[in-house]
Amino acid sequence: MQLERLNDNKIKILLTLDDLFERGLSKEDIWKDSLKWHQLFQDMLEEASEEFDLDIYGTISIEIFSMQIQGMVMIVTIQEEAEEEWLKDGIIDFQVDVDKQNYILYEFPDFENIISLSHRKIWEEEVVNSLYVYNDLYYLMIECNRKQAEEKLISILAEYGTVSFVSLYIIKEYGKELIKDHALEKIKFYFK
């Protein structure tokens, strides 16, 4: 689990599937009102509170972004309310918004890894992919419609790069798009 403070009242929590499995949970448990899920969430809030010296009370808004096989990102926003109001109620109000990502995002420290990846015979199927650069790293965004093909892609991608937990929105906003569509096919054509 990785924690990142975005601003005074907003925290980003990155949970890999391994983090969930270690606690006996799956991504599907989000939809269930289970005691394990509530305990995990309480643990995350306590850890965030200790790490960032932040008092977490009142209304908390949670946005959950599922990142396919990679895990999930949670954005926790603490609504600022009068302390007296919180003390009177003694209740934390949770609002959960779940959004499933339809892409896979991998990062590569070296362009040579992307060239090598482009020569693998996995791109014959129709897979949308674009290449970005941000903070001296290359980011490959891949959209795949078939679950079996996606699992195969992820196992091959892991040989050349690592799962990125940087938001695609940040990369698009602050990075540079190098190749918009069919990036790997174009790289394979130009770098033989």
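In this text the structure is predicted, and so the values were computed from the model without any measurement. (Residues numbered from 1 in each chain as written. Predicted model: local features only at pLDDT ≥ 70, side-chain atom pairs only at ≥ 80, totals over all residues. Heavy atoms only, no water.)

*Asks:* Any chance you could explain the pattern of salt bridges here in plain terms?
*Replies:* For side chains of opposite charge, pairing can occur when their charged atoms come near one another. Under the definition given, this model contains two salt bridges. Residue Glu 4 is joined to Lys 12 by a salt bridge in which the shortest nitrogen-to-oxygen separation is 3.4 Å. Residue class for Glu 4 comes out partly exposed when judged on its relative accessible area of 37%. Under the relative-accessibility criterion, Lys 12 is labelled buried at 7%. Between Glu 159 and Arg 120 there is a salt bridge, and its shortest N-O distance comes to 2.9 Å. You can see Glu 159 sitting in helix H5 (residues 147-160) and its partner Arg 120 sitting in the loop between helix H4 (111-118) and strand E7 (128-134), a full 39 residues away along the chain. (Salt bridge = Lys/Arg side-chain N within 4 Å of Asp/Glu carboxyl O. Buried < 20%, exposed > 50% of the residue type's maximum accessible area, 1.4 Å probe, protein only. Helix = DSSP H or I, 4+ residues; strand = E, 2+ residues; numbered from the N terminus.)

*Asks:* Teacher, can you tell me more about the nonpolar core here?
*Replies:* Nonpolar side chains in soluble globular proteins tend to be buried together. Counting 23 residues, the largest nonpolar core has Ile 13, Leu 15 and Met 74 as the members making the most contacts within it. No other element matches helix H2 (residues 35-52), which puts seven residues into this core. In this structure, Tyr 106, Ile 115, Ile 142 and Ile 154 belong to the second largest nonpolar core, which totals 21 residues. (Core = buried A, V, L, I, M, F, W, Y, C linked by side-chain atoms within 4.5 Å.)

*Asks:* Whenever I open this one, unusual backbone geometry confuses me. Can you help?
*Replies:* Phi at Asn 135 takes a positive value of approximately 50°, unusual for a residue other than glycine. In this fold, Asn 135 is placed in the loop between E7 and strand E8 (137-143). Residue Asn 135 is classed as exposed on the basis of its relative accessible area, which comes to 58%. Within the chain, Asp 136 stands out as a residue other than glycine whose phi angle is a positive 65°. The class for Asp 136 is exposed, based on a relative accessible area of 72%.

*Asks:* Just to check I follow, could you spell out the side chain of Ser 130 for this structure?
*Replies:* In this fold, Ser 130 is placed in strand E7. Given a relative accessible area of 3%, Ser 130 falls into the buried group. Among all residues touching Ser 130, those that are not within four sequence positions of it are Tyr 139, Leu 140, Met 141, Ile 179, Lys 180, Asp 181 and Ala 183. (Contact = heavy atoms within 4.5 Å.)

*Asks:* Even after reading the chapter, I still don't get the packing of H4 against helix H7 (residues 183-190), so can you show me in this structure?
*Replies:* Relative placement of two packed helices is described by the angle separating their axes and the distance separating the axes. As a packed pair, H4 and H7 sit with axes 8 Å apart at the nearest point and diverge in direction by 95°. Considered as vectors, H4 and H7 are oriented roughly perpendicular to each other. Two secondary-structure elements touch here, H4 through Phe 111, Ile 114, Ile 115, Leu 117 and Ser 118 and H7 through Leu 184, Ile 187 and Lys 188. Classifying every residue of the contact of H4 with H7 by side-chain character gives six nonpolar, one polar and one charged. (Axes fitted to C-alpha atoms, helices over the stretch in contact; angles between N-to-C directions. Parallel < 35°, antiparallel > 145°, perpendicular 65-115°, else oblique. Nonpolar A, V, L, I, M, F, W, Y, C, P; charged D, E, K, R; others polar.)

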